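Here is how the chains run, residue by residue.
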Amino acid sequence: MRASNGFCARASLLAVPLAICGMALSLPAQDHAGLVGSTAAELELMDLAGETVTVPPEKQSGGTLRILVFWSTWSSACEHEFKILKERWPVWSKRGVQILAINVEASSIGEEEREKARSFLETAKLPFSVALDLDLKAFKAYGLVAVPTTIVIGNRGKVLMRLSGFPVKASEQMLKGIDDR
């Protein structure tokens, strides 16, 4: 029996939320759409105070790596990743590593989504910078399909690593790669 067009349209609409909600958790770190090796997209986002934040963060003298972590409040994998990043932060920050956590709560972030992010951050107490991707400009510029997604950028602005989801084995490899640099 042939599916109706309405059914196909509904099935297609489910594909994006399912991917974002964690279907990509089993994917290893990989080069999606040629992102690894390419120059990182330069954008401006806003932090919770309404200040402009540069993506990727500006290089500081002696800085080694810049890490972008795309996250949402509804992803338990994001909470797990933040826990691990916070543990490594004291060492990494002394070595000049910069982390920018970019909230991609919804396709359009209004006051309700900002409040969810604020509430989450009060509990999470992240020691690094946070920005809001109000209309998913950065999410789209980097060709992302899941949260969390972590992108590691080297000093010359080249994307060195990308990890979609936070699968244990691939995340351990990524973290070791950052530790070793």
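The structure displayed is predicted, hence computed values, not measured ones. Starting from 1, residues in each chain are numbered consecutively following that chain's sequence as written. Where totals are concerned, whole chains, interfaces and linings use all residues; where local detail is concerned, this predicted model gives features only for residues with pLDDT of at least 70, and gives and counts side-chain atom pairs only at 80 or more. Only heavy atoms go into the side-chain values, all of them from the structure, while hydrogens and water stay out.

With 19 residues, helix α2 (residues 76–94) should cover 27 Å at 1.5 Å per step; its first-to-last C-alpha distance of 28 Å lies within 8% of that length. At R88, α2 is deflected by roughly 50 degrees, the largest bend along its length, and proline P90 occurs up to four residues later in sequence. Numbering goes from the N terminus for both helices and strands, where a helix is a DSSP run of H or I of at least four residues and a strand is a run of E of at least two. Given the number of residues in a helix, its expected span is that number minus one, multiplied by 1.5 Å. The angle between axes fitted to the seven-residue stretch ending at a residue and the seven-residue stretch beginning at it gives the bend at that residue.

A few words on the packing of aromatic side chains. Stacked, tilted and edge-to-face pairs are distinguished by plane angle, under 30 degrees for stacked and over 60 for edge-to-face with tilted covering the rest, among Phe, Tyr and Trp rings (Trp via its six-membered ring) whose centres lie within 6.5 Å. For the coordinates displayed, the defined rule picks out seven aromatic pairs. Ring plane angle 50 degrees and centroid distance 6.2 Å describe the contact between F82 and F128, whose orientation is recorded as tilted. Of the two residues, F82 sits in helix α2 while F128 sits in the loop between α3 (111–124) and β5 (129–132), which places them 46 residues apart along the sequence. For the pair F82 and F128, a shared accessibility class is recorded, and that class is buried. Between W89 and F128 the ring centres are 5.5 Å apart and the planes differ by 65 degrees, which places this aromatic pair in the edge-to-face class. A residue pair is termed long-range when its members are at least 10 positions apart, and W89 in helix α2 and F128 in the loop between α3 and β5 qualify at 39 residues. Comparing W89 with F128, the two get one shared label, buried. An aromatic cluster of at least three residues, connected via ring pairs, comprises W71, F82, W89, F120 and F128. The cut-offs for exposure are 20% and 50% of the maximum accessible area for each residue type, with area from a 1.4 Å probe on protein chains only; residues under the lower value are buried, those over the upper are exposed, and the others partly exposed.

Further remarks concern the nonpolar core. For the purposes of this section, nonpolar cores are sets of buried Ala, Val, Leu, Ile, Met, Phe, Trp, Tyr and Cys residues that join through side-chain atoms within 4.5 Å. Among the nonpolar cores identified, the biggest contains 48 residues, and L68, F70, W71, F82, I99, Y142 and I151 are the most heavily contacted of them. Sequence-distant contacts of F82, defined by excluding residues within four places in its chain, comprise V69, W71, A101, F120, L126 and F128. In what follows, residue pairs with any heavy atoms lying within 4.5 Å of each other are defined as contacts.

So, about the pattern of salt bridges. Here a salt bridge means any side-chain nitrogen of Lys or Arg lying within 4 Å of a carboxyl oxygen belonging to Asp or Glu. All chains considered together, the criterion is met by four salt bridges. In this structure, E111 and R114 form a salt bridge, with 4.0 Å as the shortest nitrogen-oxygen distance. With E111 and R114 both in helix α3, this residue pair falls three residues apart, about one helical turn. Residue E111 is classed as partly exposed on the basis of its relative accessible area of 46%. Of the residues examined, R114 reaches a relative accessible area of 22% and is grouped as partly exposed. In this structure, E111 engages R118 in a salt bridge whose closest nitrogen and oxygen atoms are separated by 3.1 Å.

Before going further, it helps to spend a moment on the confidence of the model for the chain. Looking at the chain, pLDDT values average 77 and 75% of them are 70 or higher. Every residue is assigned a pLDDT by the predictor, reflecting its confidence on a scale from 0 to 100. Under a pLDDT of 50 for its full length, residues 1–33 has, in the predicted model, 32 contacts with residues more than four places off or in other chains.

Among the structural elements, S93 can be located in helix α2. Judged by its relative accessible area of 30%, S93 falls in the partly exposed class. Remark: the alpha-carbon pair of S93 and P127, spanning 34 residues in sequence, is separated by 9.6 Å.

Across a regular strand the side chains alternate sides, sitting on one face of the sheet and then on the other. With five of six residues buried, strand β7 (residues 159–164) is to be regarded as a mostly interior element. At least two DSSP bridges between two strands are needed for those strands to be called paired. Note that strand β6 (residues 149–154) and β7 share five bridges and pair antiparallel. Residue pairing in the sheet places T150 in a bridge with L163 of β7. What sits between β6 and β7 in their antiparallel hairpin is a turn of four residues, with G157 showing a positive phi close to 80 degrees.

Here we take up α3. Taking 1.5 Å per residue as the helical rise, α3 with its 14 residues ought to reach 20 Å, and the 20 Å between its terminal C-alpha atoms agrees with that figure. For α3, the full list of buried residues reads E113, A117, F120, L121 and A124. Down the axis of α3, the buried side of the element spans an arc of 100 degrees, and every buried residue falls inside it. In α3, those exposed residues whose orientation departs by more than 90 degrees from the buried face are E112, E122 and T123. Here the buried face of α3 lies against β3 (65–71), α2, β4 (98–103) and β5. In the segment just after α3, K125 is the residue with positive phi, at about 50 degrees. This arc is taken over the directions from the axis of the helix to the C-beta atoms.

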